[in-house]
Each structure stands twice: as structure tokens, then as C-alpha cells.
Amino acid sequence: MAIVESLKVGVVGSGGRGGSFKRAFELQEKAHIHAVCDIDREALRESQVRLGADEGYADYEEMLELADVDAVIIGTPMPLHVPQAIAALERDIHVLSEVPAGVSIEECHELVAACQCSEAVYMMAENYIYSKANMMVTELVRQGFFGTTYYAEGEYIHELKALNEETPWRRKWQTGINGITYGTHSLGPILQWMPGDRVVSVCCAGSGHHYRDPRDDLYENEDSCVMLCKMASGGLVKIRVDMLSDRPHAMHNHSLQGTDGCYESARAPGERDRIWLRAKSEDPNTWIDLEALDTFVPQEWRESESVISQLGHGGGDYFVIKDFVEAVAEGKPSRVGIHEAMDMTLPGLVSQQSIAQGGKWLPVPDSRNW
């Protein structure tokens, strides 16, 4: 793959999620937003001005053909991620795709095949792995303070019934399918904390249906869905996703258990992330504040925290763009390349089969063998 000195980037879905990366690109010396695309022409015009793009398109294929972009950011609804990624990869245009990677196992096969045939970089924009707390835990795991990690929990609890009506695709693809439809934010950080591991089988169950949409239809997705994941190492992970229950948001709850340490994230405003490490805690029954271990804050956070923390998703948006640009412009390995994206996406897709079969344990394919 040729090393690119200055990346011309196209953003599809620029009137929505795709347009939120403006500030992150302003901090990148080796990339800039060259073109934008959105089917909403009013949003397109606004986003072209706001993002400072040279060109604007209402048709994605036209942007790929005419805009001479080196890379695309896919910030469109979930069912468009794979077809739009493949269209770019077939032209050897680099891809940064929003999550999840795909909405079916079949199209995930197609995406992996396209990556294998392309000279371009594929990366999935899973931003929760980059939060300050999650990166600190990743560093503590890397340095061995947790010992062997063998159990973890991740929760994404985000009531969005009103948002279903503003963005109707969510009504079908997030709350119109039973099982874990949006699980990468929960699973992504955990896979960083169990390095080299992957989910080999899952089972899934739900809490029943208690809410109706404005048309008085029950949501197909059960209110709280829980997926148990058996890891290749023998460890266990529990993932809960709930986008329907009436309650305050708690979008990124995580916990981790190892032989020499454990971690629990804050669950509500005013609470603190807490940790216990055998090598750092004098009392075996007393938690310590994660922020007390500030020497494990990643250097990049330490250098620019006041800027990074303002860039969305707890700073995650900054690191997503930074890592993508470095992967393309400098040839560095992508932290969430195609197989890592599959590791985060496929368990949720298999969970949808499991819940339809009464919670049966089902194997999760390894895309490395496709």
C-alpha cells in the first residue's frame, strides 16, 4: 500500500453523524475533509459550509467517481455501512465506517471478501475503546496489574424511543430486531482488556416487551437483552443493551475481573470509576479511585486532554480519526481493522439467532477463517 502524504477525505452522512468529526480533522496535519455527501440537500449545503469541504454530492457513487478522495468516512444508517464500504474498497479508497460493521452475517462475509481484495485500509470507528478510563484500564492490563482477565461486563443503556421517530432507520435496525443490535460499544473495550481473545459462542435472552411506539405497536426488540459470551480462553463476558426502558442514560457501564485486580466504572453522575489491584491496594477490601492512578493515563491524553475531551464520546472521536489517518498516511496497523471489527460485530448478530431459538448457545464464526 502506498503511503499517502496528505489525505483527501470524503464524508458520507455529512448532515448527521458524519459531520461530527470536523474538529478532529482540524487537528490532523495529514488529512482534511475534501468532499461531503448527504441525500438531504439542505443538510448537504449546510454541512459543506460547516466542514469547509471543496465539493458536495447528493449521490455517494458520484462522490466516489468524481471527488478524487483517498478515503471516506461512513456516518450513515447501519444498513448502509457494508454496501458503502464495499463500493469504496472496490476502488481502493480507504474506509472508516461507523458501528456496527454490518447488519447481517452474510453481508459481513461480503465485507471481509472486499477487504481481502482491496489495497485500501478498512477501520471501524468504535470510539468507546478510546475513553480516558478505558484506555487507562487497557494500559493497566498491558502492564500485568490485572493478572489474567477472565470475566467482564458491558452495558449500553440509552433510552431512545423518541429518536426512533426522528431517525426511522433506528426503529427497524436497533429496536425492530430482537437481540443485541448495537453491542460494539459494550464489547469493544472488553476485547482490549482480553488481548488476543475472541468470542467463540453466545446465548441471548430478553426481559419481555413493555413499551409501544407511537403507532401502538410493540417494539420487536425486548426491552433489556443480555448476551453471554464464552471466550476462546474460557473466560466469560456479559453484554446488556437496553434502548427502550424508561430511565436515565447509562451508556457505557463496564466492569473487569482478573486474577489480580478488578474494575467497575461509574454508573451515574457524581460517582467515580473504581479499581482494586493487588499490587496497588493496601487493603484487600477497599476500592481506590481510578483517577488516583494518573501515571497510567496515556501520554497522548496527558499532552492534550483539554482539547481531546471536548471532541465527542469522551475524546474517542479524536483518537478514532487520529488512528485512521495514521493507518492510511503512515502505514501503521489499524487498531480496529476488519477482523477486530468482526470480533465486535458478529457476536451481536449471532445473538439475534440465539434469542429466536430460545436462548440456545450458538457458535460465533471467526472471520480470519473466511
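Residues numbered from 1 in each chain as written. Predicted model: local features only at pLDDT ≥ 70, side-chain atom pairs only at ≥ 80, totals over all residues. Heavy atoms only, no water.

## Topic: the sheet that holds strand E9 (residues 225-231)
Strand pairs in the sheet, formed through backbone hydrogen bonds, run parallel or antiparallel to each other. To be explicit about the condition: Pairing between strands is defined by DSSP: at least two bridges between the two strands are required. Helix and strand assignments come from DSSP, with helices taken as H or I runs of at least 4 residues and strands as E runs of at least 2, each series counted from the N terminus. Whether two residues are in contact is decided by their heavy atoms, any of which lying within 4.5 Å being enough. Axis definition: a line fit to C-alpha positions, over the contact stretch in the case of helices; interaxial angles, taken between N-to-C directions, run 0 to 180 degrees.
Pairing in this open sheet of nine strands is mixed, and the strands run E14-E13-E12-E11-E7-E10-E9-E8-E15 from one edge to the other. Only two strands of the sheet have a single neighbouring strand rather than two, namely strand E14 (288-289) and strand E15 (362-363). Relative to strand E11 (residues 250-258), strand E7 (residues 149-157) is paired through seven bridges, and the arrangement is antiparallel. Directly across from Thr 149, in E11, lies its bridge partner Gly 258. Each of E7, E11, strand E12 (261-264) and strand E13 (274-277) touches helix H6 (residues 132-142); the most contacted strand, E11, lies at about 10° to it.

## Brief notes about the layout of surface pockets
Where we set the bar: Cavity and pocket criteria rest on a 1 Å grid covering protein atoms alone: a 1.4 Å probe that fits but cannot get out defines a cavity, protein on both sides within 12 Å along at least 5 of 7 lines defines an open pocket, and an atom within 4 Å of a point defines a lining residue. Grid points are joined across faces, edges and corners, and a volume is the space filled by probe spheres set on the points. In this classification, Asp, Glu, Lys and Arg are treated as charged, Ala, Val, Leu, Ile, Met, Phe, Trp, Tyr, Cys and Pro as nonpolar, and every other residue, Gly included, as polar.
Approximately 780 Å³ is the volume found for the largest pocket. Among the secondary structure elements, those contributing two or more residues to the lining of the largest pocket are helix H4 (81-89), helix H7 (161-166) and helix H8 (168-173). Tallying contributions element by element places H8 first for the lining of the largest pocket, with three residues. Looking at the lining of the largest pocket, its residues break down into 17 nonpolar, 13 polar and seven charged. One number sums up the size of the second largest pocket: a volume of about 670 Å³.

## Focus on the pattern of salt bridges
Which entries qualify depends on this criterion: A pair is scored as a salt bridge if a Lys or Arg side-chain nitrogen falls within 4 Å of a carboxyl oxygen belonging to Asp or Glu. Accessibility here uses a 1.4 Å probe with only protein chains present; expressed as a share of the type maximum, an area under 20% marks a residue as buried, one over 50% as exposed, and anything in between as partly exposed.
In total, this model carries 32 salt bridges according to the counting rule given. With a shortest N-O distance of 3.1 Å, Asp 213 and Arg 171 are connected by a salt bridge. Remark: Arg 171 occurs in helix H8 and Asp 213 occurs in the loop between strand E8 (199-206) and E9; sequence separation between them is 42 residues. For Asp 213, a relative accessible area of 6% translates into the label buried. Among the residues examined, Arg 171 registers a relative accessible area of 12% and is labelled buried. The partner of Arg 171 in a salt bridge is Glu 220, with the nearest N and O atoms 2.9 Å apart. Placement of the pair is Arg 171 in helix H8 and Glu 220 in the loop between E8 and E9, with a sequence separation of 49 residues. The class of Glu 220 is partly exposed, set by a relative accessible area of 40%. One network of salt bridges, with partners in common, ties together Lys 30, Lys 322, Glu 326, Glu 330 and Lys 332.

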